[in-house]
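Listed below, chain by chain, are the residues.
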Amino acid sequence: METLIELLASLRPTSLAPVALLLLLAGGVAVAWPMLAARGERSDLKRRLKIDTGFEPPKPDAPVKKNTNAVREKAVRTAHEFYARSDPENVARLRLKLIQAGYMDPRAVGMFFLIRFVGLVVGALSAVVLDKLFGSDASTRSFWVFVAMAAGFGYFAPGFVLGRMIHAKMVEYRNGFPDFMDLMIVCSDAGMSMEAGVERVSKELAATYPSLSQNLQLVSLELRAGRSLDDALKALADRLSLDEVRSFATLLQQSKELGTSLSGALRVFSDEMRHKRMSIAEEKAHALPAKMSVPVTVCILPVVLMIAIIPILVKFTAGD
(Lines give C-alpha, C1' and ligand atoms only; values in the text may rest on other atoms or scores of the structure.)
Protein backbone atom coordinates (compact mmCIF):
# COMPACT_ATOMS: atom_id res chain seq x y z
CA MET A 1 0.00 0.00 0.00
CA GLU A 2 2.87 2.38 0.81
CA THR A 3 4.44 1.62 -2.58
CA LEU A 4 1.18 2.54 -4.34
CA ILE A 5 0.94 5.80 -2.40
CA GLU A 6 4.52 6.68 -3.28
CA LEU A 7 3.82 5.88 -6.93
CA LEU A 8 0.77 8.14 -6.99
CA ALA A 9 2.71 10.86 -5.21
CA SER A 10 5.50 10.69 -7.78
CA LEU A 11 3.08 11.54 -10.60
CA ARG A 12 3.34 15.20 -11.46
CA PRO A 13 0.18 17.23 -12.15
CA THR A 14 1.19 17.73 -15.79
CA SER A 15 1.33 13.96 -16.33
CA LEU A 16 -2.28 13.45 -15.31
CA ALA A 17 -3.72 14.86 -18.54
CA PRO A 18 -3.40 11.60 -20.53
CA VAL A 19 -4.82 9.65 -17.59
CA ALA A 20 -7.74 12.08 -17.35
CA LEU A 21 -8.38 11.73 -21.09
CA LEU A 22 -8.34 7.94 -20.79
CA LEU A 23 -10.74 8.04 -17.83
CA LEU A 24 -12.99 10.45 -19.74
CA LEU A 25 -13.07 8.07 -22.68
CA ALA A 26 -13.93 5.14 -20.39
CA GLY A 27 -16.70 7.21 -18.76
CA GLY A 28 -18.13 8.10 -22.16
CA VAL A 29 -18.21 4.44 -23.14
CA ALA A 30 -19.91 3.56 -19.84
CA VAL A 31 -22.56 6.25 -20.39
CA ALA A 32 -23.19 5.32 -24.03
CA TRP A 33 -23.37 1.55 -23.42
CA PRO A 34 -26.91 1.47 -21.86
CA MET A 35 -28.29 3.47 -24.79
CA LEU A 36 -26.71 1.09 -27.28
CA ALA A 37 -28.03 -1.90 -25.33
CA ALA A 38 -31.54 -0.41 -25.25
CA ARG A 39 -31.31 0.20 -28.98
CA GLY A 40 -30.42 -3.47 -29.47
CA GLU A 41 -33.41 -4.52 -27.36
CA ARG A 42 -35.74 -2.38 -29.46
CA SER A 43 -34.39 -3.87 -32.65
CA ASP A 44 -34.77 -7.32 -31.11
CA LEU A 45 -38.43 -6.55 -30.37
CA LYS A 46 -38.98 -5.41 -33.96
CA ARG A 47 -37.29 -8.55 -35.21
CA ARG A 48 -39.51 -10.75 -33.02
CA LEU A 49 -42.65 -9.02 -34.33
CA LYS A 50 -41.56 -9.28 -37.94
CA ILE A 51 -43.49 -11.77 -40.11
CA ASP A 52 -41.48 -13.69 -42.67
CA THR A 53 -43.43 -13.63 -45.94
CA GLY A 54 -41.06 -15.45 -48.24
CA PHE A 55 -37.80 -17.19 -48.72
CA GLU A 56 -34.83 -15.03 -49.66
CA PRO A 57 -32.05 -16.91 -51.43
CA PRO A 58 -28.62 -16.54 -49.88
CA LYS A 59 -26.39 -13.97 -51.49
CA PRO A 60 -23.11 -15.13 -52.97
CA ASP A 61 -20.05 -14.34 -50.92
CA ALA A 62 -18.04 -11.37 -52.06
CA PRO A 63 -14.60 -12.18 -53.45
CA VAL A 64 -11.78 -11.60 -50.98
CA LYS A 65 -8.17 -10.88 -51.62
CA LYS A 66 -6.12 -14.05 -51.49
CA ASN A 67 -2.99 -12.48 -50.07
CA THR A 68 -4.78 -10.73 -47.19
CA ASN A 69 -6.82 -13.83 -46.44
CA ALA A 70 -3.72 -16.05 -46.42
CA VAL A 71 -1.84 -13.75 -44.04
CA ARG A 72 -4.80 -13.53 -41.69
CA GLU A 73 -5.34 -17.30 -41.70
CA LYS A 74 -1.67 -17.88 -40.95
CA ALA A 75 -1.70 -15.38 -38.07
CA VAL A 76 -4.87 -16.90 -36.59
CA ARG A 77 -3.50 -20.44 -36.88
CA THR A 78 -0.18 -19.43 -35.30
CA ALA A 79 -1.91 -17.72 -32.36
CA HIS A 80 -4.19 -20.71 -31.80
CA GLU A 81 -1.34 -23.21 -31.88
CA PHE A 82 0.81 -21.12 -29.53
CA TYR A 83 -1.87 -20.74 -26.86
CA ALA A 84 -3.05 -24.33 -27.30
CA ARG A 85 0.46 -25.56 -26.42
CA SER A 86 1.00 -23.12 -23.56
CA ASP A 87 -2.41 -23.31 -21.81
CA PRO A 88 -4.82 -25.89 -23.30
CA GLU A 89 -7.33 -25.62 -20.44
CA ASN A 90 -7.70 -21.88 -20.92
CA VAL A 91 -8.14 -22.42 -24.66
CA ALA A 92 -10.90 -24.97 -24.01
CA ARG A 93 -12.73 -22.57 -21.66
CA LEU A 94 -12.37 -19.75 -24.15
CA ARG A 95 -13.68 -21.98 -26.94
CA LEU A 96 -16.79 -22.71 -24.88
CA LYS A 97 -17.32 -19.01 -24.17
CA LEU A 98 -17.02 -18.16 -27.85
CA ILE A 99 -19.58 -20.86 -28.68
CA GLN A 100 -21.91 -19.41 -26.04
CA ALA A 101 -21.45 -15.99 -27.68
CA GLY A 102 -22.45 -17.44 -31.07
CA TYR A 103 -19.04 -17.99 -32.70
CA MET A 104 -19.06 -21.60 -33.91
CA ASP A 105 -16.01 -21.32 -36.14
CA PRO A 106 -13.02 -23.30 -34.76
CA ARG A 107 -10.76 -20.43 -35.83
CA ALA A 108 -12.54 -18.06 -33.45
CA VAL A 109 -10.12 -18.88 -30.62
CA GLY A 110 -7.08 -17.84 -32.63
CA MET A 111 -8.89 -14.73 -33.86
CA PHE A 112 -9.75 -13.76 -30.28
CA PHE A 113 -6.15 -14.08 -29.13
CA LEU A 114 -5.03 -12.10 -32.17
CA ILE A 115 -7.53 -9.33 -31.34
CA ARG A 116 -6.24 -9.28 -27.77
CA PHE A 117 -2.67 -8.88 -28.96
CA VAL A 118 -3.66 -6.10 -31.36
CA GLY A 119 -5.58 -4.36 -28.56
CA LEU A 120 -2.54 -4.51 -26.29
CA VAL A 121 -0.28 -3.00 -28.97
CA VAL A 122 -2.82 -0.33 -29.94
CA GLY A 123 -3.36 0.62 -26.30
CA ALA A 124 0.37 1.00 -25.67
CA LEU A 125 0.90 3.01 -28.87
CA SER A 126 -2.09 5.24 -28.03
CA ALA A 127 -0.58 5.99 -24.63
CA VAL A 128 2.76 6.94 -26.22
CA VAL A 129 1.03 9.18 -28.78
CA LEU A 130 -1.06 10.91 -26.12
CA ASP A 131 2.00 11.50 -24.00
CA LYS A 132 3.84 13.03 -26.96
CA LEU A 133 0.86 15.22 -27.91
CA PHE A 134 0.39 16.65 -24.44
CA GLY A 135 4.15 17.09 -24.06
CA SER A 136 4.16 16.20 -20.37
CA ASP A 137 7.46 16.24 -18.50
CA ALA A 138 6.54 13.26 -16.37
CA SER A 139 9.13 10.92 -14.98
CA THR A 140 10.07 7.72 -16.75
CA ARG A 141 8.32 5.65 -14.11
CA SER A 142 5.04 7.55 -14.50
CA PHE A 143 5.24 7.26 -18.28
CA TRP A 144 5.65 3.49 -18.21
CA VAL A 145 2.85 3.16 -15.65
CA PHE A 146 0.51 5.04 -18.00
CA VAL A 147 1.59 2.88 -20.96
CA ALA A 148 0.99 -0.29 -18.91
CA MET A 149 -2.49 0.92 -17.91
CA ALA A 150 -3.44 1.65 -21.53
CA ALA A 151 -2.03 -1.66 -22.75
CA GLY A 152 -3.90 -3.54 -20.03
CA PHE A 153 -7.12 -1.78 -21.00
CA GLY A 154 -6.62 -2.80 -24.64
CA TYR A 155 -5.84 -6.39 -23.60
CA PHE A 156 -8.85 -6.92 -21.32
CA ALA A 157 -11.40 -4.97 -23.41
CA PRO A 158 -12.15 -7.92 -25.79
CA GLY A 159 -12.88 -10.14 -22.79
CA PHE A 160 -15.35 -7.59 -21.44
CA VAL A 161 -17.06 -7.31 -24.83
CA LEU A 162 -17.23 -11.11 -25.06
CA GLY A 163 -18.88 -11.29 -21.63
CA ARG A 164 -21.51 -8.77 -22.68
CA MET A 165 -22.20 -10.74 -25.86
CA ILE A 166 -22.63 -13.95 -23.85
CA HIS A 167 -25.09 -12.16 -21.56
CA ALA A 168 -27.08 -10.87 -24.55
CA LYS A 169 -27.22 -14.36 -26.07
CA MET A 170 -28.36 -15.85 -22.76
CA VAL A 171 -31.20 -13.32 -22.61
CA GLU A 172 -32.27 -14.35 -26.11
CA TYR A 173 -32.07 -18.04 -25.24
CA ARG A 174 -34.03 -17.58 -22.02
CA ASN A 175 -36.74 -15.59 -23.82
CA GLY A 176 -37.00 -18.02 -26.72
CA PHE A 177 -36.90 -21.34 -24.89
CA PRO A 178 -40.53 -21.16 -23.61
CA ASP A 179 -41.65 -20.55 -27.20
CA PHE A 180 -39.58 -23.55 -28.23
CA MET A 181 -41.34 -25.62 -25.60
CA ASP A 182 -44.79 -24.49 -26.79
CA LEU A 183 -43.97 -25.42 -30.39
CA MET A 184 -42.62 -28.77 -29.22
CA ILE A 185 -45.95 -29.41 -27.47
CA VAL A 186 -47.79 -28.70 -30.73
CA CYS A 187 -45.47 -31.07 -32.62
CA SER A 188 -45.88 -33.76 -29.97
CA ASP A 189 -49.68 -33.46 -30.04
CA ALA A 190 -49.55 -33.75 -33.84
CA GLY A 191 -47.81 -37.12 -33.54
CA MET A 192 -44.30 -36.05 -34.55
CA SER A 193 -41.26 -37.64 -32.95
CA MET A 194 -38.86 -35.63 -30.83
CA GLU A 195 -36.19 -35.58 -33.55
CA ALA A 196 -38.64 -34.40 -36.22
CA GLY A 197 -40.11 -31.85 -33.80
CA VAL A 198 -36.69 -30.31 -33.07
CA GLU A 199 -35.95 -29.98 -36.78
CA ARG A 200 -39.34 -28.41 -37.48
CA VAL A 201 -39.19 -25.98 -34.56
CA SER A 202 -35.64 -24.89 -35.48
CA LYS A 203 -36.98 -23.70 -38.84
CA GLU A 204 -39.94 -21.91 -37.26
CA LEU A 205 -37.71 -19.98 -34.81
CA ALA A 206 -35.25 -18.81 -37.48
CA ALA A 207 -36.97 -15.42 -37.89
CA THR A 208 -37.56 -14.59 -34.22
CA TYR A 209 -34.60 -16.25 -32.43
CA PRO A 210 -31.85 -16.90 -35.00
CA SER A 211 -29.16 -17.92 -32.49
CA LEU A 212 -31.45 -20.41 -30.76
CA SER A 213 -32.54 -21.73 -34.16
CA GLN A 214 -28.90 -22.26 -35.16
CA ASN A 215 -28.20 -24.29 -32.03
CA LEU A 216 -31.33 -26.38 -32.57
CA GLN A 217 -30.23 -27.07 -36.12
CA LEU A 218 -26.93 -28.34 -34.73
CA VAL A 219 -28.92 -30.68 -32.48
CA SER A 220 -30.84 -31.94 -35.51
CA LEU A 221 -27.58 -32.55 -37.40
CA GLU A 222 -26.12 -34.41 -34.42
CA LEU A 223 -29.21 -36.62 -34.26
CA ARG A 224 -28.91 -37.36 -37.97
CA ALA A 225 -25.27 -38.30 -37.47
CA GLY A 226 -26.27 -40.97 -34.95
CA ARG A 227 -25.83 -39.19 -31.63
CA SER A 228 -28.35 -39.98 -28.92
CA LEU A 229 -30.96 -37.44 -27.94
CA ASP A 230 -29.70 -37.18 -24.36
CA ASP A 231 -26.12 -36.46 -25.44
CA ALA A 232 -27.27 -33.95 -28.05
CA LEU A 233 -29.37 -32.08 -25.48
CA LYS A 234 -26.49 -32.07 -22.97
CA ALA A 235 -24.25 -30.56 -25.63
CA LEU A 236 -26.99 -28.00 -26.32
CA ALA A 237 -27.08 -27.14 -22.61
CA ASP A 238 -23.32 -26.52 -22.64
CA ARG A 239 -23.60 -24.27 -25.69
CA LEU A 240 -26.53 -22.27 -24.31
CA SER A 241 -25.32 -22.30 -20.68
CA LEU A 242 -28.90 -22.51 -19.40
CA ASP A 243 -30.13 -24.64 -16.53
CA GLU A 244 -33.50 -24.92 -18.25
CA VAL A 245 -31.99 -26.95 -21.08
CA ARG A 246 -30.36 -29.37 -18.63
CA SER A 247 -33.71 -29.74 -16.87
CA PHE A 248 -35.35 -30.35 -20.24
CA ALA A 249 -32.86 -33.14 -21.03
CA THR A 250 -33.50 -34.71 -17.61
CA LEU A 251 -37.25 -34.43 -18.19
CA LEU A 252 -37.06 -36.28 -21.50
CA GLN A 253 -34.91 -39.01 -20.00
CA GLN A 254 -37.25 -39.54 -17.06
CA SER A 255 -40.31 -39.47 -19.30
CA LYS A 256 -38.75 -42.14 -21.50
CA GLU A 257 -37.81 -44.34 -18.54
CA LEU A 258 -41.15 -44.01 -16.73
CA GLY A 259 -43.33 -44.17 -19.85
CA THR A 260 -45.31 -41.01 -19.05
CA SER A 261 -46.99 -38.73 -21.56
CA LEU A 262 -44.42 -36.55 -23.30
CA SER A 263 -46.83 -33.77 -24.26
CA GLY A 264 -48.13 -33.48 -20.69
CA ALA A 265 -44.61 -33.29 -19.27
CA LEU A 266 -43.64 -30.66 -21.84
CA ARG A 267 -46.74 -28.61 -21.06
CA VAL A 268 -46.00 -28.60 -17.31
CA PHE A 269 -42.36 -27.72 -17.91
CA SER A 270 -43.33 -24.87 -20.26
CA ASP A 271 -45.68 -23.41 -17.64
CA GLU A 272 -42.92 -23.57 -15.02
CA MET A 273 -40.49 -21.78 -17.33
CA ARG A 274 -42.95 -18.98 -18.05
CA HIS A 275 -43.64 -18.64 -14.34
CA LYS A 276 -39.91 -18.44 -13.69
CA ARG A 277 -39.48 -15.77 -16.34
CA MET A 278 -42.31 -13.76 -14.82
CA SER A 279 -40.74 -14.11 -11.37
CA ILE A 280 -37.44 -12.75 -12.69
CA ALA A 281 -39.26 -9.76 -14.21
CA GLU A 282 -41.09 -9.07 -10.94
CA GLU A 283 -37.82 -9.32 -9.02
CA LYS A 284 -36.24 -6.70 -11.27
CA ALA A 285 -39.29 -4.45 -10.89
CA HIS A 286 -39.17 -4.66 -7.09
CA ALA A 287 -35.43 -3.90 -7.08
CA LEU A 288 -35.90 -0.74 -9.17
CA PRO A 289 -36.79 1.64 -6.25
CA ALA A 290 -33.66 0.64 -4.35
CA LYS A 291 -31.51 1.19 -7.45
CA MET A 292 -33.14 4.57 -8.13
CA SER A 293 -32.37 5.80 -4.62
CA VAL A 294 -28.65 6.13 -5.43
CA PRO A 295 -28.96 8.55 -8.41
CA VAL A 296 -31.74 10.43 -6.63
CA THR A 297 -29.52 10.94 -3.57
CA VAL A 298 -26.42 11.84 -5.56
CA CYS A 299 -27.92 14.02 -8.31
CA ILE A 300 -31.23 15.46 -7.14
CA LEU A 301 -30.88 15.85 -3.37
CA PRO A 302 -27.85 18.23 -3.49
CA VAL A 303 -29.68 20.48 -5.97
CA VAL A 304 -32.79 20.60 -3.76
CA LEU A 305 -30.67 21.47 -0.73
CA MET A 306 -28.88 24.22 -2.64
CA ILE A 307 -32.19 25.71 -3.79
CA ALA A 308 -33.48 25.64 -0.22
CA ILE A 309 -30.35 26.94 1.53
CA ILE A 310 -28.83 29.48 -0.90
CA PRO A 311 -31.72 32.03 -0.62
CA ILE A 312 -31.41 31.94 3.18
CA LEU A 313 -27.66 32.48 2.98
CA VAL A 314 -28.13 35.37 0.54
CA LYS A 315 -30.72 36.94 2.83
CA PHE A 316 -28.47 36.73 5.89
CA THR A 317 -25.54 38.09 3.90
CA ALA A 318 -27.60 41.04 2.61
CA GLY A 319 -28.88 41.71 6.11
CA ASP A 320 -25.34 41.92 7.48
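Residues numbered from 1 in each chain as written. Predicted model: local features only at pLDDT ≥ 70, side-chain atom pairs only at ≥ 80, totals over all residues. Heavy atoms only, no water.

## Some points on the confidence of the model for the chain
Here the chain averages 75 in pLDDT, and 72% of its residues register 70 or above. Taking the mean pLDDT of every element in the chain, the minimum, 49, falls on helix H1 (residues 2-10) and the maximum, 87, on helix H8 (residues 210-224). Across residues 11-15, where pLDDT falls below 50, the model places 7 contacts with residues more than four positions away in sequence or in other chains. Predicted confidence for residues 48-58 stays below pLDDT 50, and this span has 3 contacts to residues more than four positions away or in other chains. (pLDDT = per-residue confidence, 0-100. Helix = DSSP H or I, 4+ residues; strand = E, 2+ residues; numbered from the N terminus. Contact = heavy atoms within 4.5 Å.)

## Re the pattern of salt bridges
For the structure on display, the rule yields 7 salt bridges. The residue glutamate 199 makes a salt bridge to arginine 224 at a minimum N-O spacing of 2.3 Å. Of this pair, glutamate 199 sits in helix H7 (residues 194-204) while arginine 224 sits in helix H8; the two residues are 25 residues apart in sequence, bridging distant segments of the chain. Residue classification places arginine 224 among the exposed positions, given a relative accessible area of 59%. Residue arginine 239 pairs with glutamate 222 through a salt bridge whose shortest N-O separation is 3.5 Å. Here arginine 239, found in helix H9 (residues 229-240), pairs with glutamate 222, found in helix H8; they are 17 residues apart in sequence, far enough to count as distant. Look at arginine 239 and you get buried, because its relative accessible area is 9%. (Salt bridge = Lys/Arg side-chain N within 4 Å of Asp/Glu carboxyl O. Buried < 20%, exposed > 50% of the residue type's maximum accessible area, 1.4 Å probe, protein only.)

## Considerations on unusual backbone geometry
With the exception of glycine, most residues fall at negative phi, and the peptide bonds are largely trans. Residue serine 241 is not a glycine yet carries a positive backbone phi of 55°. Since its relative accessible area comes to 26%, serine 241 is described here as partly exposed.

## Thoughts on the nonpolar core
The biggest cluster of nonpolar side chains holds 32 residues, and the ones touching the most others in it are Phe177, Phe180, Met181, Phe248 and Leu266. Secondary-structure elements contributing two or more residues to this core are helix H6 (140-189), H7, H8, H9, helix H10 (243-258) and helix H11 (262-319). What phenylalanine 248 contacts, discounting residues up to four positions off in sequence, is Phe177, Phe180, Met181, Leu233, Leu266 and Phe269. By size, the runner-up hydrophobic cluster in this structure holds 10 residues, among which are Leu98, Ala101, Val109 and Phe112. (Core = buried A, V, L, I, M, F, W, Y, C linked by side-chain atoms within 4.5 Å.)

## Considerations on the packing of H9 against H10
Interaxial distance between H9 and H10 falls to 8 Å at its minimum, and their mutual angle equals 170°. Put simply, H9 runs roughly antiparallel to H10. On H10, the residues that touch Leu229, Asp230, Leu233, Leu236, Ala237, Asp238 and Leu240 of H9 are Val245, Arg246, Phe248, Ala249, Leu252 and Gln253. Residue composition of the contact of H9 with H10, grouped by class: 9 nonpolar, 1 polar and 3 charged. (Axes fitted to C-alpha atoms, helices over the stretch in contact; angles between N-to-C directions. Parallel < 35°, antiparallel > 145°, perpendicular 65-115°, else oblique. Nonpolar A, V, L, I, M, F, W, Y, C, P; charged D, E, K, R; others polar.)

## Concerning H6
Note: α-helices contain 3.6 residues per turn, so residues at a spacing of three or four share the same orientation. For H6, with 50 residues, the first-to-last C-alpha span of 74 Å sits near the 74 Å given by 1.5 Å per residue. The largest bend in H6 amounts to roughly 30° and is located at phenylalanine 156, with the proline proline 158 lying one to four residues further along. The positive-phi residue at the C-terminal boundary of H6 is glycine 191, with phi of around 95°. (Expected span 1.5 Å × (residues − 1). Bend = angle between axes of the 7 residues up to and from the residue.)

## What about the packing of aromatic side chains?
One pass over the structure, following the stated rule, counts 6 aromatic pairs. The interplanar angle of 45° and the centroid separation of 5.1 Å between the aromatic rings of phenylalanine 177 and phenylalanine 180 together place this pair among those described as tilted. In this pair, phenylalanine 177 and phenylalanine 180 both sit in helix H6, 3 residues apart, roughly one turn of the helix. Just as phenylalanine 177 is buried, phenylalanine 180 falls in that class too. Each ring, one from phenylalanine 177 and one from phenylalanine 248, has its centre 5.9 Å from the other, and the planes form 80°; the classification is edge-to-face. Taken as a pair, phenylalanine 177 in helix H6 and phenylalanine 248 in helix H10 lie far apart in primary sequence, 71 residues in all. Of the two residues, phenylalanine 177 and phenylalanine 248, both sit in the buried class. (Phe/Tyr/Trp six-rings, centres within 6.5 Å; stacked < 30°, edge-to-face > 60°.)

## Quick word on a nonpolar patch on the surface
Among the surface-exposed residues, Leu288, Met292, Val296, Ile300, Leu301, Val304, Leu305, Ile309 and Leu313 lie close enough to one another that they form a single nonpolar patch of about 790 Å² accessible area. Looking at the element boundaries, leucine 305 is found in helix H11. Under the relative-accessibility criterion, leucine 305 is labelled partly exposed at 44%. (Patch = residues over 30% accessible without salt bridge, like charges linked within 9 Å, V, L, I, M, F, W, Y side chains within 5 Å. Areas by Shrake-Rupley, 256 points an atom, 1.4 Å probe, with all protein chains shown as cover.)

## Comments concerning helix H5 (residues 108-134)
In a regular helix each residue adds 1.5 Å, so 27 residues correspond to 39 Å; H5 covers 38 Å between its end C-alpha atoms and thus fits that length. Residues of H5 that are buried: Ala108, Val109, Gly110, Phe112, Phe113, Arg116, Gly119, Gly123, Ala124, Ala127 and Asp131.

## Digging into the side chain of glutamine 100
Looking at the secondary structure, you find glutamine 100 in helix H4 (residues 88-100). A polar atom in the side chain of glutamine 100 sits 3.3 Å from the backbone oxygen of aspartate 238. Those residues in contact with glutamine 100 that sit more than four places away from it in its chain are Ile166, Lys169, Tyr173, Asp238, Arg239 and Ser241. (Polar contact = N/O pair within 3.5 Å; in protein donor to acceptor, adjacent residues only side chain to side chain.)

## Here we look at the environment of leucine 120
You can see leucine 120 is positioned in helix H5. Taking relative accessible area as the criterion, leucine 120 reaches 33% and is therefore assigned partly exposed. Placed 34 residues apart in sequence, leucine 120 and glycine 154 show a C-alpha to C-alpha distance of 4.7 Å. Here leucine 120 is in contact with Ala151, Gly154 and Tyr155, once residues within four sequence places are set aside.

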